[in-house]
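Take a look at the letters that make up each chain.
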Amino acid sequence: MRAAVYARVSTEEQAQHGYSLAEQKDSCTRRAKELGATEILEFADEGISGATLDRPGLEGLRSAIKEGIIDLIVLRDPDRLSRKLAHQLILTEEFEKAGVRLEFLDFTWQDSPEGKLFYNLKGAVAEYEREKIKERMIRGKNQKARQGGIPMNFSLYGYDYSPEKGVQINAQEAEIVKQIFHKFVSYTSPHAIAIELTQSGVPTKRNTNFWHRQVVRQILMNPAYKGEWVYQKNSDSPIIIPVPAIVSKEVWETAQQILAESRRLWAKRGKQQYLLSGLITCTDCGTPMGGHYGTHWGNRVRNYTCRKSESTNRIPGCSPAKLINADSLELIVWNEVKNLLNDPDKLVSAVKRNLPTDEDSKKEIDNLKRQLSDTEKGMTQLIDLIASGIVELDSKIKQKLTQLKQRRELLERRIKEANKESGLALFSRQDMKNLKRLASEIIKNIDDLEFEEKQQLVRSMVSQVYISGRIQGTYHLPDDLPGVDVKIMLRAEMVYSLKNLAIS
Ligand SMILES: [Zn+2]
């Protein structure tokens with residue numbers, strides 16, 4: 001059994017009571033061993049107030065628990081986790097959800113009024129405080145980034161990070177980053193660089209020996225390596241934080257130019273060729289099938305295949321390689337699309353079959369009902385606490401009760417709505433009419449469509465094409481793939497995606 005001990009002393013506690021970290025760690029470790037721990041990880045925060053959750057030791061403990069490597073946590077009392085009751089509740093809930101047992105040295109649930117209060121409030125408070133606390137924690141991290149500090153989750157190849165020393169260059173990894181950039185700007189492809197790194201056994205950040213070309217590409221695109229780390233790059237207000245540069249600005253910019261060129265090239269090359277790219281999955285190996293331009297008896301042939309390079313893919317697809325003639329497969333799918341558009345009634349019933357089933361709605365309703373019963377339990381517990389005199393009915397508690405009541409009402413409303421929406425009710429009569437009308441408009445000039453328009457149309461109507469089996473025999477008609485099973489999955493929300501089509 002693996003245990004974690006967590007200790008915390010604030011500066012105040014050290015000064016006033018002479019508490020020491022070592023004493024806490026020792027007694028917690030002893031208890032962990034008594035309980036059968038064979039391996040003990042220590043986490044500690046010294047001189048940090050329990051008012052904030054932004055503590056390196058606590059962060060370490062939480063990420064170890066997230067990784068699932070801890071079975072038991074021993075600490076002196078809930079105050080070690082946080083001085084704030086709400087934080088204690090959130091953290092204990094987080095730990096228990098991960099299946100970790102909590103053991104306190106100086107605290108039992110049942111024996112003290114505080115214990116009882118703590119235990120009972122867990123159900124009542126956690127529910128609605130959780131969101132607020134999450135928000136506060138995220139705000140704390142953003143603030144830090146804005147002040148030029150680095151949030152706790154900084155992890156980037158080429159660098160080491162610790163709260164004390166900040167971001168520092170990792171010499172070995174930085175050397176690899178430099179190599180990647182210099183090879184790339186002298187026109188070695190990310191693919192070739194990835195193979196080279198994998199073959200030379202260089203470990204990645206996650207300590208695997210496998211370099212994917214996408215990882216190489218991500219390194220090439222990251223402005224951190226020219227000294228500008230972008231925090232929350234996908235948000236509306238990304239923050240640029242200076243870090244030590246590994247390559248010069250010129251080298252980085254050159255790399256961006258080459259990347260942009262190759263993107264343009266690929267866009268051109270891929271364009272007229274494969275109608276179904278991104279839509280096909282081989283059910284025999286479970287991987288996507290992509291276009292493959294090969295030679296057959298001296299003729300160039302377009303195929304789809306699930307076969308991928310073994311050096312850069314974990315699942316390289318079926319072996320021997322499965323090749324499906326692209327003309328035949330595209331014709332099968334295209335004919336199906338045309339057939340459906342030609343027969344709007346058939347289209348509507350096919351779409352209905354693809355709608356979220358009653359089972360999906362049932363799941364959502366069950367989930368809402370569970371939340372409702374938790375909320376009601378929380379209310380009952382809180383009311384019991386008030387009745388027994390443990391909690392005083394002050395304005396704060398009154399507010400909490402009101403919030404619980406509002407939540408209950410909201411959930412009840414949503415359950416009613418979900419019941420109405422279940423099954424076919426989702427797809428209104430008007431939607432069906434619209435779909436039929438769209439179909440009859442599209443079918444009028446279906447044979448004059450450009451490749452891109454055809455592709456858009458297929459993507460609006462088809463969500464996936466599943467392929468299983470392989471070609472039997474060598475000769476087949478263009479619209480026939482003997483031995484191959486083609487399953488075309490339609491989009492239930494087709495009526496909306498078709499509306500957005502740019503087909504005149
Ligand atoms: Zn396959």
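Treat the numbers as computed from the prediction; the structure is a model and nothing was measured.

A. Here's a closer look at the overall build of the protein. When helices and strands are counted, the protein shows 16 helices and 14 strands. Counting all 504 residues of the protein, 39% fall into the buried class. The long-range fraction of contacts in the protein, counting pairs at least 24 apart against all pairs at least 6 apart in sequence, stands at 67%. About 28,400 Å² of surface is accessible on the protein, with carbon and sulfur atoms providing 49% of the total.

B. Expanded view of the packing of helix H6 (residues 171-185) against helix H7 (residues 190-199). At a closest axis distance of 10 Å, the pairing of H6 and H7 adopts a crossing angle of 145°. The handedness of the crossing between H6 and H7 is right-handed. Of the residues in H7, those touching H6 at Ile-176, Ile-180, Lys-183 and Phe-184 are Pro-190, Ile-193, Glu-196 and Leu-197. Along the lines of polarity and charge, the residues of the contact of H6 with H7 split into 6 nonpolar, no polar and 2 charged.

C. Fine view of the packing of helix H10 (residues 326-342) against helix H14 (residues 429-444). Contact pair H10 / H14: the axes reach a minimum separation of 8 Å and the direction vectors enclose 125°. Relative to H14, the element H10 lies oblique. The two elements H10 and H14 meet at a crossing, and its hand is left-handed. Contacts between H10 and H14 involve Lys-338, Leu-341 and Asn-342 from the former and Ala-439, Ile-442 and Ile-443 from the latter. A breakdown of the residues in the contact of H10 with H14 according to their chemical character gives 4 nonpolar, 1 polar and 1 charged.

D. Spatial organisation of the coordination of the zinc ion. Around the zinc ion, the protein contributes the donor atoms Cys-282 (SG), Cys-285 (SG), Cys-306 (SG) and Cys-318 (SG), which lie 2.3 Å from the metal centre. Each donor residue of the zinc ion lies on one chain, and together they are spaced C-x2-C-x20-C-x11-C. Here Cys-282 is found in strand S9 (residues 280-282), whereas its partner Cys-318 is found in the loop between strand S11 (299-305) and strand S12 (323-325), with 36 residues between them in sequence. In this structure Cys-282 comes out as buried when scored by relative accessible area, which is 0%. Judged by relative accessible area, Cys-318 falls into the buried class, the value being 10%.

E. Quick look at the sheet that holds strand S3 (residues 72-75). Strand order in the open sheet made by the 4 strands is S2-S1-S3-S4, with parallel pairing throughout. If you trace the sheet from one side to the other, it starts and ends with strand S2 (39-46) and strand S4 (101-104), each paired once. Neighbour-to-neighbour, the strand axes of the sheet open up by a mean angle of 20°, direction not taken into account. Here strand S1 (residues 2-9) pairs with S3 via 3 bridges, running parallel. Within S3, the residue paired with Ala-3 across the bridge is Leu-72. Relative to S1, helix H2 (residues 21-34) is tilted by about 155°, and along the sheet it contacts S1, S2, S3 and S4.

F. Structural detail: the packing of aromatic side chains. According to the stated counting rule, one finds 4 aromatic pairs in the structure shown. Ring centres 6.0 Å apart and planes at 15° place the aromatic pair Tyr-159 and Tyr-225 in the stacked group. Taken together, the residues Tyr-159 in strand S5 (residues 159-162) and Tyr-225 in the loop between helix H8 (213-221) and strand S7 (228-231) connect sequence positions 66 residues apart. The class for Tyr-225 is buried, based on a relative accessible area of 1%. Between Tyr-274 and Tyr-304 the ring centres are 5.4 Å apart and the planes differ by 70°, which places this aromatic pair in the edge-to-face class. Taken together, the positions of Tyr-274 in the loop between helix H9 (249-271) and S9 and Tyr-304 in strand S11 put the pair 30 residues apart, joining distant regions of the chain. Tyr-304 carries the same exposure label as Tyr-274, and that label is buried. Each member of the aromatic cluster is reached from another via a ring pair, and the members are Tyr-159, Phe-181 and Tyr-225. The ring of Tyr-274 is capped by Arg-302, whose NZ or CZ atom sits 5.2 Å from the centre of that ring. The lysine or arginine in question, Lys-454, covers the ring of Trp-334, its NZ or CZ lying 5.0 Å from the ring centre.

G. Broad picture of H8. Among all positions in H8, only Val-216, Ile-219 and Leu-220 are buried. When H8 is viewed along its axis, its buried side chains cluster within an angular range of 100° and face the same direction.

H. Inspection of the pattern of salt bridges at higher detail. Scanning all chains against the criterion turns up 18 salt bridges. Three or more residues joined by partner-sharing salt bridges are found here, namely Arg-31, Glu-34, Arg-101 and Glu-103.

I. Helix H15 (residues 451-461), seen in detail. Of all the positions in H15, only Gln-455, Leu-457, Val-458, Ser-460 and Met-461 are classed as buried. Among the structural elements, H10, helix H11 (344-353), H14, strand S13 (462-468), strand S14 (485-490) and helix H16 (494-499) are those in contact with the buried residues of H15.

J. A look at the nonpolar core. Leu-276, Tyr-304, Leu-341, Leu-347, Leu-457 and Met-461 are the most contacted members of the largest nonpolar core, which has 42 residues in total. Secondary structure elements with two or more residues in this core: S9, H10, H11, H14, H15, S13 and H16. Residue contributions to this core peak at 7 residues, all from H10. What Met-461 contacts, discounting residues up to four positions off in sequence, is Val-337, Leu-340, Leu-341, Leu-347, Met-489, Leu-490, Arg-491, Met-494 and Leu-498. Ile-176, Val-202, Leu-220 and Trp-252 belong to the second largest nonpolar core, which has 33 residues in total.

What counts and how
- Residues numbered from 1 in each chain as written.
- Predicted model: local features only at pLDDT ≥ 70, side-chain atom pairs only at ≥ 80, totals over all residues.
- Heavy atoms only, no water.
- Helix = DSSP H or I, 4+ residues; strand = E, 2+ residues; numbered from the N terminus.
- Buried < 20%, exposed > 50% of the residue type's maximum accessible area, 1.4 Å probe, protein only.
- Contact = heavy atoms within 4.5 Å.
- Areas by Shrake-Rupley, 256 points an atom, 1.4 Å probe, with all protein chains shown as cover.
- Axes fitted to C-alpha atoms, helices over the stretch in contact; angles between N-to-C directions.
- Left-handed = near helix turned anticlockwise from the far one by under 90°.
- Nonpolar A, V, L, I, M, F, W, Y, C, P; charged D, E, K, R; others polar.
- Parallel < 35°, antiparallel > 145°, perpendicular 65-115°, else oblique.
- Donors = N, O, S within 2.8 Å, 3.2 Å for Na, K, Ca; no water.
- Pairing = 2+ DSSP bridges.
- Phe/Tyr/Trp six-rings, centres within 6.5 Å; stacked < 30°, edge-to-face > 60°.
- Lys NZ or Arg CZ within 6 Å of the ring centre and 35° of its normal.
- Arc of directions from axis to C-beta.
- Salt bridge = Lys/Arg side-chain N within 4 Å of Asp/Glu carboxyl O.
- Core = buried A, V, L, I, M, F, W, Y, C linked by side-chain atoms within 4.5 Å.

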